[in-house]
Amino acid sequence: IVVGGHDGRQPLASTEILDLETMRVSPGPKLATARFSCAVVRLDDSRILVVGGVGSTPGGFASTEILDVREMRFRPGPRLGTSRSGCAAALVPPSGSVLVAGGLSGEE
């Protein structure tokens, strides 16, 4: 899945799905919040977490969104303790927690 991005004028709320068997790309579900410079991590077989990013105003987002791949629909996820863009996110086994590290907060 390709999530968000920037078209040179504004952040994108679009996603695209790459079928690895056919190498074809098709439109995916829309994000609730247009964002770029976000992190994406697979939580399990049916959920993908989108973390932080930045929109059309300065500063990073503290918001997250969770894609339910069975319904192909985004829902709001938990808020981060710190706004972040350009961060990394990784699933931490065996707990299933997500580690979010680095990035920019937009604050001095």
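As the structure is a computational prediction, the values presented were derived from the model and not from experiment. Every chain's residues receive numbers from 1 upward, in the order its sequence appears when written. Side-chain atom pairs in this predicted model are given and counted only at pLDDT of 80 or more, local residue features only at pLDDT of at least 70, and totals for whole chains, interfaces and linings cover all residues. Excluded from the side-chain calculations are hydrogens and water; all other atoms, namely the structure's heavy atoms, are used.

Asks: I'm lost on unusual backbone geometry in this one. Help?
Replies: Among all residues except glycine, the phi angle is most often negative; among peptide bonds, the trans geometry is most common. Pro93 connects to Pro94 through a cis peptide bond whose omega is -5 degrees. As for its position among the elements, Pro94 is in the loop between strand S8 (88-92) and strand S9 (97-101). Phi at Met72 takes a positive value of approximately 50 degrees, unusual for a residue other than glycine. Locating Met72 in the fold gives a position in the loop between strand S6 (64-68) and strand S7 (73-76). Accessibility here uses a 1.4 Å probe with only protein chains present; expressed as a share of the type maximum, an area under 20% marks a residue as buried, one over 50% as exposed, and anything in between as partly exposed. Classification of Met72 by relative accessible area gives partly exposed; the value is 36%. Secondary structure elements follow DSSP: runs of H or I no shorter than four residues count as helices, runs of E no shorter than two count as strands, and numbering proceeds from the N terminus.

Asks: What's the story with the pattern of salt bridges in this structure? I'm lost.
Replies: Pairing between side chains becomes possible if they bear opposite charge and their charged atoms approach one another. Think of a salt bridge as a Lys or Arg side-chain nitrogen and an Asp or Glu carboxyl oxygen that are within 4 Å of each other. The tally for this structure, following the rule as stated, stands at six salt bridges. Taken together, the shared-partner salt bridges connect Asp68, Glu71 and Arg75 into one network.

Asks: It is not clear to me how the sheet that holds strand S4 (residues 39-44) should be interpreted in this structure. Could you clarify?
Replies: Within a sheet, each strand pairs with its neighbour through backbone hydrogen bonds, oriented either parallel or antiparallel. Two strands are counted as paired when DSSP detects at least two bridges linking them. Taken in spatial order, the four strands make up an open sheet running S4-S5-S6-S7, and their pairing is antiparallel. A single partner strand is all that each edge strand has here, and the edge strands are S4 and S7. The average undirected angle you get between the axes of adjacent strands in this sheet is 25 degrees. Looking at chain direction, S6 and S7 are connected through four bridges and run antiparallel. Across the sheet, the residue bridging to Leu67 is Phe74, located in S7. The convention used is that axes are lines fitted to C-alpha atoms, helices contributing only their stretch in contact, and that angles between N-to-C directions extend from 0 to 180 degrees.

Asks: Whenever I open this one, the side chain of Asp68 confuses me. Can you help?
Replies: With respect to the secondary-structure elements, Asp68 resides in strand S6. Within 3.5 Å is the distance limit for a polar contact, defined as a pair of N or O atoms, with the added protein rule that one can donate a hydrogen and the other accept it, and that residues adjacent in sequence qualify only through two side-chain atoms. Polar contacts involving the side chain of Asp68 include one to the main-chain amide nitrogen of Arg70, which spans 2.9 Å. Note on contacts: a residue pair is in contact if any heavy atoms of the two residues lie within 4.5 Å. Excluding its chain neighbours within four sequence positions, the residues that come into contact with Asp68 are Ser46, Arg73 and Arg75.

Asks: Sorry, what's going on with the nonpolar core here?
Replies: Grouped burial of nonpolar side chains is what soluble globular proteins tend to show. By nonpolar core we mean a set of buried residues, namely Ala, Val, Leu, Ile, Met, Phe, Trp, Tyr and Cys, connected to one another through side-chain atoms within 4.5 Å. Ranked by size, the top nonpolar core spans 10 residues in total: Ala39, Val41, Leu43, Leu49, Val51, Ala62, Ile66, Leu80, Cys87 and Ala89. Listing elements by their share of this core, those giving two or more residues are S4 and strand S5 (47-51). Ranked by residues supplied to this core, first place goes to S4 with three residues. In this structure Leu80 touches Val51, Gly52, Phe61, Ala62, Thr64 and Val100, once residues within four positions along its chain are discounted. Residues Val3, Cys38, Ile48 and Val50 belong to the second largest nonpolar core, which totals seven residues.

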